[in-house]
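Here are the chains, one letter per residue:
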Amino acid sequence: MPLVPVAQLQDYVGKELGRSEWLTIDQQRINQFAECTGDHQFIHVDPVKAKHTPFGSTIAHGFLSLSLIPVLLEKLMLAPEGMKMAVNYGLDSVRFIQPVKVDSRVRLAAKVLDITEKRPGQWLIKIEATLEIEGQDKPAYIAESLSLCFV
């Protein structure tokens, strides 16, 4: 995580932060997410039934793919120097564009949209997070993710 002097934070607005490493979304991860959330819809957890859908296989839950933002963004995210902690502040928008099929590899592309000092020592960083699917032209989603950093 690159640490940036507070005086230089605004220089990053509009800049790409790069792309994460690839991560494989396997059936075990999908099943574990189903267990955690109670969402056992067949399209996620039943490969036999899911094979007969337009997707041809199981797909990851949209919220599973969205929940990957923190781990995939971790090495890319910039932070103000002296940061004591950062918390998830939510999302301004999310658009699910196409599903993530089982055994697909995904990675996150990140771009800084805005940086605002909400209160002295509290910086709100808005990132455009795009989940790319290997071999696909369209991403799984584009989301505006918010992190509140405390200096």
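Residues numbered from 1 in each chain as written. Predicted model: local features only at pLDDT ≥ 70, side-chain atom pairs only at ≥ 80, totals over all residues. Heavy atoms only, no water.

An unreviewed UniProt entry annotates the chain as Enoyl-CoA hydratase originating from Aquipseudomonas alcaligenes.

Unlike most non-glycine residues, Asp-103 shows phi in positive territory, near 70 degrees. Relative to the elements of secondary structure, Asp-103 occurs in the loop between strand E5 (85-96) and strand E6 (104-119). (Helix = DSSP H or I, 4+ residues; strand = E, 2+ residues; numbered from the N terminus.)

Here we come to the pairing of strand E8 (residues 141-150). Of all ten residues in E8, seven are buried; the element is thus mostly enclosed. In this sheet, E8 lies alongside E5 in antiparallel orientation, the contact comprising ten bridges. Each bridged residue has a counterpart across the sheet, and for Gly-90 the counterpart in E8 is Leu-146. Pairing of strand E7 (residues 122-133) with E8, which is carried by ten bridges, proceeds in the antiparallel orientation. When the bridges of E8 are listed, Trp-123 appears paired with Cys-149. (Buried < 20%, exposed > 50% of the residue type's maximum accessible area, 1.4 Å probe, protein only. Pairing = 2+ DSSP bridges.)

Another point: the packing of aromatic side chains. In the structure shown here, the tally under the stated rule is two aromatic pairs. Clustering of aromatic rings is evident, with ring pairs tying together Phe-63, Phe-96 and Tyr-141. Between Lys-49 and the ring centre of Phe-42, over which it is positioned, the NZ or CZ distance is 6.0 Å. (Phe/Tyr/Trp six-rings, centres within 6.5 Å; stacked < 30°, edge-to-face > 60°. Lys NZ or Arg CZ within 6 Å of the ring centre and 35° of its normal.)

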